[in-house]
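The chain contents come next:
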Amino acid sequence: MTILKSKEDIRKIRESGNILKEIFEWIESVVAEGISTGELDRRTEDIIRSKNAKPAFKGYRGYPASICASVNEVVVHGIPSDDIILSDGDIIGIDIGVEKDGFFADCARTYAIGTVSEEARRLMEVTKACLDAGVKEAVSRNKIFDISNAIQTTAKNGGFQEVRAFVGHGVGRQLHEPPEVPNWGEAGKGLPLKEGLVLAIEPMINAGTRDVEIMSDDWTAVTRDGKLSAHYEDTIIIGKDKAERIT
Ligand code: MF3
Ligand code: CO
């Protein structure tokens, strides 16, 4: 079952999206060499709560923080810590969910700290291009795997591999709703998209092998070969000719 949203639902999801837009503008201004991911987490939580909203990840299946902060070979779900201090040459994926008035939005960006390697820069560019390609297919004449295939194809053309251990998802009254939105698949297949369906599209792309391992904290997902990984995510509303990005 997919869940279509009313006008009022969409208005509320947009509000959560607007909070995320503001937070990521702030993140962009402070994410730099010397800051810890623990500090980013605390300050983000303060901003979310100041808007009478809730950090969607905190307590979700026992997740201990408000943001996921995934540095270098960490694919997703990196737990913030005062001991993880960003340095020149790092890349960091920051993923945040917000709940306001019972509706969720979900967003991730990857940032370069100082001067990063040519490979890191290209991986970030290709992963962003994967998200853009997926969003472009998020229209009501298409099917779910048209989004998936666009992401997969863009990753492949960039010489990288899409992660298959995690997928995008519907979003609304819950952080994760049906349908799943895989980052690979056969074009023209899967659930027909409908106007008003709200999805979180989130390519995770690895510089080397797609394979991941979960660390002993039961959350942190790292690349099996230790190479870099990048992650971008937007919450979008399916449209007739064009999807609307609300994050
Ligand atoms: N941000 C992830 C997603 O996009 C979910 C994070 S899981 C959590 O689906 F536990 F960290 F919340
Ligand atoms: Co998500």
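It should be emphasised that the depicted structure is a prediction, and the values quoted were computed from it without experimental measurement.

**Student:** Mind showing me how you'd approach the sheet that holds strand E3 (residues 74–76) here?
**Tutor:** Sheet strands line up and pair through hydrogen bonds in the backbone, either parallel or antiparallel. Reading across from one edge, E3-E12-E11 is the order of the three strands in this open sheet, with antiparallel pairing throughout. This sheet does not close on itself; its edge strands, each paired only once, are E3 and strand E11 (212–214). For this sheet, the mean inter-axis angle between neighbouring strands, taken without regard to orientation, is 40°. Pairing analysis gives two bridges linking E3 to strand E12 (residues 221–223), with the strands arranged antiparallel. Looking across to E12, one finds that Val76 is bridged to Ala221.

**Student:** Any chance you could explain the environment of Glu39 here in plain terms?
**Tutor:** With respect to the element layout, Glu39 can be found in helix H2 (residues 37–50). Sequence separation between Glu39 and Asp83 is 44 residues; the distance between their C-alpha atoms is 9.9 Å.

**Student:** Would you mind going over the site of ligand 1 with me for this structure?
**Tutor:** Every residue near ligand 1 is listed here: Phe57, Tyr60, Tyr63, Cys68, His77, Asp95, Asp106, His169, His176, Glu202, Trp219 and Glu233. In the model, a nitrogen atom of ligand 1 is placed 2.5 Å from a nitrogen or oxygen of the Asp95 side chain. Take His176: an N or O atom from its side chain is 2.6 Å from an oxygen atom of ligand 1. Looking at side-chain class alone, the shell around ligand 1 contains five nonpolar, three polar and four charged residues.

**Student:** Looking at this structure, how should I read the side chain of Asp106?
**Tutor:** Relative to the elements of secondary structure, Asp106 occurs in strand E5 (residues 103–112). Despite its burial, Asp106 pairs with no opposite charge; the closest candidate is Arg109, at 9.5 Å N-O. Of the polar contacts made by the side chain of Asp106, one reaches the side chain of His169; its length is 3.0 Å.

**Student:** It is not clear to me how the pattern of salt bridges should be interpreted in this structure. Could you clarify?
**Tutor:** As a working rule, side chains carrying opposite charge can pair if their charged atoms are close by. Per the stated rule, a full pass over the model turns up 19 salt bridges. In this structure, Lys189 engages Glu186 in a salt bridge whose closest nitrogen and oxygen atoms are separated by 3.1 Å. Relative accessible area serves as the criterion here: at 52%, Glu186 is assigned to the exposed category. Here the salt bridges share partners, and the residues they tie into one network are Arg109, Asp132, Asp234 and Arg245.

**Student:** Explanation requested: the coordination of the cobalt ion (ligand 2) in the structure shown.
**Tutor:** Working reference: metal with six octahedral donors, ideal angles 90 or 180 degrees; metal with four tetrahedral donors, ideal angle 109.5 degrees. Around the cobalt ion (ligand 2), the protein supplies Asp106 (OD), His169 (NE2), Glu202 (OE) and Glu233 (OE) as donor atoms, at distances of 2.1 to 2.2 Å. For the cobalt ion (ligand 2), the six donor atoms are set out with angles of 50 to 176° between them, so the coordination reads as irregular. In the primary structure, the donors to the cobalt ion (ligand 2) are separated according to the pattern D-x62-H-x32-E-x30-E. Taken together, the residues span a long stretch of sequence, with His169 in strand E7 (residues 168–170) and Glu202 in the loop between strand E9 (198–201) and strand E10 (204–206) at a distance of 33 residues.

**Student:** Would you explain the nonpolar core in this entry?
**Tutor:** The nonpolar side chains of a soluble globular protein tend to be buried, and buried together. Grouped together as the largest cluster of nonpolar side chains are 40 residues, with contacts concentrated most on Ile27, Val31, Leu40, Leu86, Ile92, Ile94 and Ile96. Elements with a minimum of two residues in this core: helix H1 (7–30), H2, strand E2 (67–71), strand E4 (91–100), E5 and E9. Counting residues per element, this core draws most heavily on H1, which supplies nine residues. If you look at the next biggest cluster of nonpolar residues, it comprises 28 residues, including Ile91, Cys130, Ile201 and Ala207.

Rules of the game
- Residues numbered from 1 in each chain as written.
- Chains lettered and ligands numbered in written order.
- Predicted model: local features only at pLDDT ≥ 70, side-chain atom pairs only at ≥ 80, totals over all residues.
- Heavy atoms only, no water.
- Pairing = 2+ DSSP bridges.
- Helix = DSSP H or I, 4+ residues; strand = E, 2+ residues; numbered from the N terminus.
- Axes fitted to C-alpha atoms, helices over the stretch in contact; angles between N-to-C directions.
- Near = heavy atom within 4 Å.
- Polar contact = N/O pair within 3.5 Å; in protein donor to acceptor, adjacent residues only side chain to side chain.
- Nonpolar A, V, L, I, M, F, W, Y, C, P; charged D, E, K, R; others polar.
- Buried < 20%, exposed > 50% of the residue type's maximum accessible area, 1.4 Å probe, protein only.
- Lys, Arg positive; Asp, Glu negative; His and termini not counted.
- Salt bridge = Lys/Arg side-chain N within 4 Å of Asp/Glu carboxyl O.
- Donors = N, O, S within 2.8 Å, 3.2 Å for Na, K, Ca; no water.
- Tetrahedral: all angles 85-135°; square planar, octahedral: opposite > 155°, others 65-115°.
- Core = buried A, V, L, I, M, F, W, Y, C linked by side-chain atoms within 4.5 Å.

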